[in-house]
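# Descriptive analysis of the structure
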Amino acid sequence: MAQPAKGEAYVVGQPPAQYPGQPPAQYPGQPYPQQPQGTYYGHPAGQGITTVIVGQGPLQNPPPDHLVWSIMMIICCCWPLAIPATIKSCDVRDAVAAGDLPRAQTASKSSRCWNIAALVAGICAHLIWIIYVIVIYTVYAHTLYNRAG
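This write-up is about the structure you can find in this document. Predicted model, so just to flag it, every value in this text is computed and none were measured. (Residues numbered from 1 in each chain as written. Predicted model: local features only at pLDDT ≥ 70, side-chain atom pairs only at ≥ 80, totals over all residues. Heavy atoms only, no water.)

### Some remarks on the nonpolar core
Heads up, the rule is: Within this scheme, the nonpolar core is defined by two criteria: the residues are buried Ala, Val, Leu, Ile, Met, Phe, Trp, Tyr or Cys, and they are joined through side-chain atoms within 4.5 Å. Three exposure classes are used, based on accessible area relative to the maximum for each residue type with a 1.4 Å probe and protein chains only: buried under 20%, partly exposed in between, and exposed over 50%. Helical segments are the DSSP runs of H or I of at least four residues, strand segments are the runs of E of at least two, and each set is numbered from the N terminus.
One finds Leu 59, Val 92, Ala 95, Val 96, Ala 104 and Ala 107 forming the largest nonpolar core, which totals six residues. Per element, the largest residue contribution to this core is three residues, and it comes from helix H2 (residues 79-98).

So, in C-alpha cells, the structure goes:
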C-alpha cells in the first residue's frame, strides 16, 4: 500500500501503510487462533474451584471509632498527634468489619488516648501563642509610648 502524499489524510477503514521489514498488522475483524476446548487451567470442563470463606461478620454493638474527632484534631489542633489517632480510628473500623471485638476495643481506646493528647497539645499551643502575642504587643506598645513621651 502506498503512503499518502504530504498533506493528504488517511482514508478511514483502510489499514495504515507498512514500513519495510514490519510484520503484517493484525486487524480487529480477524479471529484469534482456535483455543483448546474442555480445559481451564488444568481442570476438566464443568468442574470449577469453589472457595467458601466463613467469617463472623460485622459486630452488632461496635466500640466508637472516634474518626470525626480525629479528623477535627488534624484540622484544628495538633496534627502530629492526630495522625496516629486517625490511623487507630480506621483500625477500629477494620476490626469491626472483621468481627474482631478485642482488637476493635483496643484500637478504640488507643484512638481516644491519641485524640486527648492532640487536644491537650493543641490547647496548650494556642494558649502559648495567645500569651506570646499579648506580651509582644504589650512590649511594643510600651516601647512606642516611651518614645513618644
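Read on for the rest.
### Re helix H1 (residues 67-76)
Condition: The arc in question is formed by the directions pointing from the helix axis toward the C-beta atoms.
Within the span of H1, buried status applies to Leu 67, Ser 70 and Met 73. Each buried residue of H1 lies within a common arc of 120° when the element is viewed along its axis, so the set occupies one face. Exposed side of H1, more than 90 degrees from the buried face: Val 68 and Ile 75 are the residues found there.

### Some remarks on the pattern of salt bridges
Operational definition: Put simply, a salt bridge is a Lys or Arg side-chain nitrogen that is within 4 Å of an Asp or Glu carboxyl oxygen.
Across all of its chains, the model carries two salt bridges by this definition. Measuring nitrogen to oxygen at the nearest pair gives 2.4 Å for the salt bridge that ties Arg 93 to Asp 65. Here the residue Arg 93 occupies a position in helix H2, and Asp 65 occupies one in the loop between strand E2 (43-44) and H1, the gap between them amounting to 28 residues. Note that Asp 100 is salt-bridged to Arg 103, the shortest N-O span being 3.4 Å. Its relative accessible area of 29% is what places Asp 100 among the partly exposed residues. We classify Arg 103 as partly exposed; its relative accessible area is 42%.

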